[in-house]
Amino acid sequence: MTDAPMKPSLQRPIAPRIGASRPVVSPIMPSVVYASETPDTLDDQYEGRTQGYAYAREGHPNADALARRLDAMEGVSGGVVTGSGMAAVAAVLLGLTKAGDHVVGADQLYGRSLRMMKEDLPRLGIETSLADPTDVAAIERALRPETRLVLIEVVSNPTLRIADLDGIAQLCRERGVLLAVDNTFTTPAAIRPVDHGADIVIQSVTKLLAGHSDVTLGWVGAREATLNDAMRVFATTTGMSASPFDCWLAERGLATFELRFARAQDTAARLAAHLAGQAGVKRVLYPTRGDHPDSARAQAVLRGRGCNMVSFEIEGGRAAANAFAAAAEGIAFAPTLGDVGTTLSHPPSSSHRALTPEGRASLGISEGFFRVSVGLEDPEALITTFDAGLAAARAV
Ligand SMILES: *Cc1c(COP(=O)(O)O)cnc(C)c1O
C-alpha cells in the first residue's frame, strides 16, 4: 500500500538538524541581513549558482517556505509572497504593465483593486476598462489591441456572481492577453485557476489561507517564470516584502486550512438554506442554491462546492439593518472574511459606501444587504444568533 501524497498545506518543513534531531515546525528566521563568506560566494548567490540570502527585503527563508507551499497548492512554481493581498494585486497591475498598455478588470472587483484600476493605473498612463465577468462577450467588447491583461475574481463580492472563467481564459488565450485571477474567495481548495487557463493567480493570504485574522499577507504566482521574475523584482524594489513572523504564522494557519474551509462551507450552505425560509428575508445568495443567478456555472466551475460566504437581504432598510447587527450578538460586525469566527459585513456602509445609492441599486445592494463570512462556530448556535438578529429586524 502506498501513502497518498501529503497535501502541500500539511508538508513538514525542511528544517536544519539540531544535534541528532530535527524540528517538525519551521524555525522563524527574523534576520534582515545575511553574511556571505567572500565576494565570490555572494556573486554565486546572485547569479543563481548557489542558494542563499542577502537582505530580507529581497527574500528570506520564511517567505520562501510559505511561497513553496502556496505554489504547490495553486499549481505554479516560483510565486512571490507579498506584505498584503493588495501588494500582490499591485505586483500584477503595476509590475507587469507600462504606460500605453490597457487593462480590463471585472466590474465587481475587491474595492481597493477597483480603486487601483480607476485611479492609479490611469494616473500612470495605463488605461483601464471595467466589464461584467459573467458575460464573456462584455469582456471581449472591452478588449483593445493594446490590452495587456484582464483581472477577474471567480466569485464576486458581495453578490457572489460566478465569472465565466473558462470562457474568459479561452478569449484571453486567443487574443494573447494575460489572464490574472484573484482566487481569495474561492481558494485552491475550491478551484485552481491555472488548471482553467489563467496565467496568474493572486491570493490575499490574510483571509482563508492564514485564517485567523492575525496576519496581513499576499501571494502571487504565474505560470511563466519571466512573469514571476518581473513581479519579484518589482515587489523587492517597491518594498512589498512580508515579515518573517507573518509568514511563519501563515504557514501555521495553512496546516488547518482545508479542514477550516470544508467546515465553514458546510455551515454556510446550512445557514443559506435556513435564512431562505425566514420571514423578513428578501433573498439569499449562495452559489450552490438553485435560485442563484449563476447556479449552472457554479456547478461547472466550482464542481458543486460552494464557498464560505453567504449574502442576504432583509426588509426594512437601514433601521432593520442596524437592529439586525446589534441583536446578532457574538458575530463580529467587521468587514473581513475567512476568519475562524463568523464575520458580518454591510456593504452599503463599508466596501460599497463610495457608490451612490443608484450605483448600489444597480448591483442589487440595498440598505438591508449583508454579507456573511461563515466561520467555525457550532452551526446550530450560529443559526440561533441569526434568528435573534432577524427577530430584532422584524420588530423595527
Ligand atoms: C482582502 C482582499 C484583497 C486584499 O487583501 P489584503 O491582504 O487585505 O491586502 C484582495 N482581493 C480580495 C478578493 C480580497 O478579499
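Since we're looking at a predicted model, the values are computed, not measured. Every chain's residues receive numbers from 1 upward, in the order its sequence appears when written. Residue-level local features of this predicted model are given only where pLDDT is at least 70; pairs of side-chain atoms are given and counted only at 80 or more, and the full residue set underlies all totals for whole chains, interfaces and linings. The side-chain numbers reported here are obtained from all heavy atoms of the structure, hydrogens and water having been left aside.

### Some points on the site of the ligand
Throughout this document, a residue counts as near a molecule or strand when at least one of its heavy atoms sits within 4 Å of that molecule or strand. Close to the ligand lie 13 residues, the nearest being Gly85, Met86, Asp182, Thr206 and Lys207. The definition of a polar contact used here is a pair of N or O atoms within 3.5 Å, where within protein one atom must be able to donate a hydrogen and the other to accept one, and adjacent residues in sequence count solely through side-chain atom pairs. Here a nitrogen atom of the ligand sits 2.6 Å away from a polar atom, N or O, in the side chain of aspartate 182. Within the complex, 92% of the 380 Å² of free accessible area of the ligand lies under protein. Charged means Asp, Glu, Lys or Arg here, nonpolar means Ala, Val, Leu, Ile, Met, Phe, Trp, Tyr, Cys or Pro, and polar covers whatever is left, Gly included. Broken down by class, the residue content of the shell around the ligand amounts to 5 nonpolar, 5 polar and 3 charged. Here, Shrake-Rupley sampling with a 1.4 Å probe gives the accessible areas, and only protein chains in the shown set may cover a residue.

### Re the environment of leucine 208
Looking at where leucine 208 falls in the secondary structure, it is placed in the loop between strand 6 (200-204) and strand 7 (218-222). For the pair formed by leucine 208 and glutamate 224, sequence separation is 16 residues and the distance between their alpha carbons is 26 Å. Elements are defined by DSSP. Helices are runs of H or I of four residues or more, strands are runs of E of two residues or more, and each kind is numbered from the N terminus.

### Thoughts on the nonpolar core
What makes a nonpolar core is a set of buried Ala, Val, Leu, Ile, Met, Phe, Trp, Tyr and Cys residues whose side-chain atoms join them at distances within 4.5 Å. Partly exposed residues are those whose accessible area sits between 20% and 50% of the maximum for their type, while under 20% is buried and over 50% is exposed, using a 1.4 Å probe and protein chains only. Val150, Leu179, Ile200 and Phe324 are the most contacted members of the largest nonpolar core, which has 108 residues in total. Looking at this core, the element that brings in the most residues is helix 3 (residues 85-93), giving 7 residues. An automatic or database domain assignment provides the domain bounds reported here. Counting contributing residues, this core receives three or more from each of domain 1 (39-254) and domain 2 (257-395). Setting aside its immediate chain neighbours within four residues, valine 150 contacts Val104, Ile139, Leu143, Ile168, Cys172, Val177, Leu178, Leu179 and Ala180. Note on definitions: a residue-residue contact is assigned when non-hydrogen atoms from the two residues lie within 4.5 Å.

### Some remarks on the sheet that holds strand 8 (residues 281-285)
Pairing between the strands of a sheet comes from backbone hydrogen bonds, and it takes one of two forms, parallel or antiparallel. Criterion used throughout: strands pair if DSSP finds at least two bridges between them. Pairing is mixed across the open sheet formed by 5 strands, whose spatial order is 8-9-12-11-10. Edge positions in the open sheet fall to strand 8 and strand 10 (332-333), since each of these has one partner strand only. Here 5 bridges tie strand 9 (residues 309-314) to strand 12 (residues 369-373), and the two strands are oriented antiparallel to one another. Residue serine 311 lies in a different strand from strand 12, and its bridge partner there is arginine 371.

### Describing the domain arrangement of the protein
When its domains are assigned, the protein resolves into domain 1 (39-254) and domain 2 (257-395). For domain 1 versus domain 2, the separation of C-alpha centres amounts to 27 Å. Taken together, the 30 residues of domain 1 in the interface contact 32 residues of domain 2. For the pairing of domain 1 and domain 2, the buried interface totals around 2,800 Å² over both sides, and the portion due to carbon and sulfur atoms is 62%. The term buried area denotes the loss of accessible surface (1.4 Å probe radius) that occurs when two parts are joined, taken as the sum for both partners.

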